[in-house]
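Breakdown of the fold
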Amino acid sequence: TETEVEGQHALQLTYTITDNGNLDLNPEEGSIEDPVGLATTANNLASTGHNTTTYLTIATILTTLGTITTVIMKRSRKLRV
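Since the model is a prediction, treat every value here as computed from it, not as a measurement. (Residues numbered from 1 in each chain as written. Predicted model: local features only at pLDDT ≥ 70, side-chain atom pairs only at ≥ 80, totals over all residues. Heavy atoms only, no water.)

1. Considerations on the overall build of the protein
- Each helix and strand counted, the protein has one helix and two strands in total.
- Going from N to C terminus, the protein has its helices and strands arranged as β-β-α.
- Looking at the protein residue by residue over its 81 residues, the buried ones come to 4%.
- Expressed as a percentage of contacts within the protein between residues at least 6 apart in sequence, the contacts between residues at least 24 apart total 3%.
- As presented, the protein carries roughly 7800 Å² of accessible surface, and 56% of it is formed by carbon and sulfur atoms. (Helix = DSSP H or I, 4+ residues; strand = E, 2+ residues; numbered from the N terminus. Buried < 20%, exposed > 50% of the residue type's maximum accessible area, 1.4 Å probe, protein only. Contact = heavy atoms within 4.5 Å. Areas by Shrake-Rupley, 256 points an atom, 1.4 Å probe, with all protein chains shown as cover.)

Quick look at the structure:
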């Protein structure tokens, strides 16, 4: 169904899941573990509030610092021998 969310065009999709139905991976009564989800083929990711650029930058910096530290430690060990 076409709709608007906060003034933006959106599609409202609905599907039904049933406790202990065909796709429920959890046999416990009252708990549904359903591997089915809605997806899009667009190049835009959902806005989750998390900035992945920040996480990637931090990971890159930490990896670089770890590599530099390892190289320095190996060189200093060679000089001692």
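Having seen the model, we can carry on.
2. Considering the pairing of strand β2 (residues 8-11)
- The pairing of strand β1 (residues 2-5) with β2 spans four bridges and is classified as antiparallel. Its bridge partner being in β2, Glu2 is matched across the sheet by Leu11. (Pairing = 2+ DSSP bridges.)

3. Quick look at unusual backbone geometry
- Unusually for a residue other than glycine, Glu6 sits at a positive phi of about 50°.
- Note that Glu6 resides in the loop between β1 and β2.
- Relative accessible area serves as the criterion here: at 82%, Glu6 is assigned to the exposed category.

4. What about the side chain of Asn26?
- Topologically, Asn26 is positioned in the loop between β2 and α1 (52-80).
- A relative accessible area of 15% means that Asn26 is categorised as buried.
- Engagement of the side chain of Asn26 in a polar contact is seen with the backbone nitrogen of Glu28, the distance being 2.8 Å.
- Only 3.0 Å separates the side chain of Asn26 from the side chain of Ser31, close enough to count as a polar contact.
- Setting aside residues no more than four positions away along its own chain, Asn26 makes contact with Asn20, Ser31 and Glu33. (Polar contact = N/O pair within 3.5 Å; in protein donor to acceptor, adjacent residues only side chain to side chain.)

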